[in-house]
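Overview (structure and organization)
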Amino acid sequence: MTQSNSKLRMMIVTALFAAIIGILAQVTIPLPLVPITGQTLAIGLAATILGARYGTLSILVYLAIGAAGIPVFAQLSGGLGSLFGPTGGYLFGFIPTAFVIGYYLEKRGFTLLNAVIANVLGMFVALSFGTVWLKVFAELSWTGAFVGGFAPFILVGVIKAALAAWIGISVRQRLSSARLLPATEAGKHPAS
């Protein structure tokens, strides 16, 4: 496969993951301040399968589509109001979340254990961004922001992190063996 074909393939896969994030964002359990959604599962999958560069790029594409007004965010919302509303910190937090997950895996190896660790770290990154944003936006105390924007999501976040790791590593291995990921992205790193 030529380098230009490989880049084109990865750009198509990146766009596909942006769409997957938009679809999983519609899986929602409503809570008073911030709903539980499938977005974070999709973010973990994108970063675990695609790595830091393309995983983060898929988040940027997803956010750009949503910012343009296409209803891809949770509860079929979209537009700048969603990005700069009470849950905007979580949305912006997905960018460093994907990078942290992908970077950790690229440095430590694409194993199931490393993927679980990376996705749990990523969960804390997303929750931290969202909680700080919620505190400032809603003018809450730190305790109020933590209780409304962080604590309710820890258990379900760990479950989603484990699922993203398990599914992500499995899919990544299949894509790598089918040569659908470039050699530099195929996870040929030593396990640690």
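Scroll up to find the structure this text is about.
Everything numeric in this text was worked out from a predicted model, so none of it was measured. Numbers given for residues are sequential positions, taken from 1 along each chain in its written order. It should be noted that, the model being predicted, local features are given only for residues of pLDDT at least 70 and side-chain atom pairs only at 80 or more, the latter also being counted only at that level, while totals for whole chains, interfaces and linings use all residues. Just so you know, side-chain values use all the structure's heavy atoms and leave hydrogens and water out.

1. What to know about the overall build of the protein
A run of H or I in DSSP counts as a helix once it spans at least four residues, and a run of E counts as a strand once it spans at least two, with each numbered from the N terminus. Of the regular secondary structure elements, the protein holds seven helices and two strands. For a compact globule of 192 residues, the expected C-alpha radius of gyration is about 16 Å, and the protein comes in at 16 Å, within 12% of that figure. Seen through its C-alpha atoms, the protein measures out along the principal axes to roughly 50 × 35 × 25 Å. When the 192 residues of the protein are sorted by exposure, 45% land in the buried category. Using a 1.4 Å probe, accessible areas were evaluated by the Shrake-Rupley method; residue-level cover was limited to the displayed protein chains. Accessible surface, the protein: about 9300 Å² in total, of which carbon and sulfur atoms supply 72%. Between the two quantities, the radius of gyration covers C-alpha atoms and the globule rule is 2.2 Å times the number of residues to the power 0.38. Throughout this description, buried means an accessible area under 20% of the type-specific maximum (1.4 Å probe, protein chains only), exposed means over 50%, and partly exposed covers the range between.

2. Remarks on the packing of aromatic side chains
Only rings of Phe, Tyr and Trp enter the pairing, Trp through its six-membered ring, and a pair is recorded when the two centres are within 6.5 Å. The plane angle decides the type: under 30 degrees is stacked, over 60 is edge-to-face, the rest tilted. Counted under the stated rule, the structure contains seven aromatic pairs. Residues Phe 84 and Trp 133 carry aromatic rings whose centres are separated by 6.4 Å and whose planes lie at 35 degrees to one another, so their mutual orientation is tilted. Taken together, the positions of Phe 84 in the loop between α3 (80–83) and α4 (88–108) and Trp 133 in helix α5 (residues 112–137) put the pair 49 residues apart, joining distant regions of the chain. A relative accessible area of 24% means that Trp 133 is categorised as partly exposed. By definition, being over a ring means that NZ of Lys or CZ of Arg is both within 6 Å of the ring centre and within 35 degrees of the ring normal. It is Lys 135 that lies over the ring of Trp 142; its NZ or CZ is 5.2 Å from the centre. For the cation-ring pair, Arg 172 lies above Phe 110, with the distance from its terminal atom to the ring centre recorded as 3.5 Å.

3. A short note on the environment of Gly 130
Mapped onto the secondary structure, Gly 130 falls in helix α5. In this structure the C-alpha to C-alpha distance between Gly 130 and Gly 88, which are 42 residues apart in sequence, comes to 7.1 Å. Discounting chain neighbours no more than four positions away, the residues touching Gly 130 are Gly 89 and Tyr 90. Here, residues are in contact when the closest pair of their heavy atoms is within 4.5 Å.

4. Regarding the side chain of Thr 48
You can see Thr 48 is positioned in helix α2 (residues 39–67). Polar contacts involving the side chain of Thr 48 include one to the side chain of Asn 119, which spans 3.0 Å. Contacts of Thr 48, omitting those with residues within four sequence positions, involve Ile 101, Leu 105, Phe 110, Ala 115, Asn 119, Ala 164, Ala 165, Gly 168, Ile 169 and Arg 172. Under the rule applied, a polar contact is a pair of N or O atoms within 3.5 Å (in protein, one hydrogen donor and one hydrogen acceptor; residues adjacent in sequence only if both atoms are side-chain atoms).

5. Details of a nonpolar patch on the surface
A cluster of nonpolar residues, Leu 112, Leu 155, Ile 159, Leu 163, Trp 166, Ile 167 and Val 171, forms a patch on the protein surface that exposes about 650 Å² of accessible area. Ranked by residues supplied to the nonpolar patch, first place goes to helix α7 (residues 154–177) with six residues. Like charges are joined within 9 Å and nonpolar side chains (Val, Leu, Ile, Met, Phe, Trp, Tyr) within 5 Å, but only among residues with over 30% relative accessible area and no salt bridge; these make up the patches. Throughout this description, the term salt bridge denotes a Lys or Arg side-chain nitrogen within 4 Å of a carboxyl oxygen of Asp or Glu.

6. Some details on α2
Here the expected span of a helix is defined as 1.5 Å times the quantity of residues minus one. Over its 29 residues, α2 runs only 16 Å from end to end, short of the ideal 42 Å by more than 12%, given 1.5 Å per residue. Remark: the principal bend of α2, roughly 140 degrees, maps to Gly 51. Most of α2 is tucked away, with 21 of its 29 residues classed as buried. Following α2 by one or two positions, Gly 69 has its phi on the positive side, about 105 degrees. Bend is the name given here to the angle between axes fitted to two runs of seven residues, the run ending at a residue and the run starting at it.

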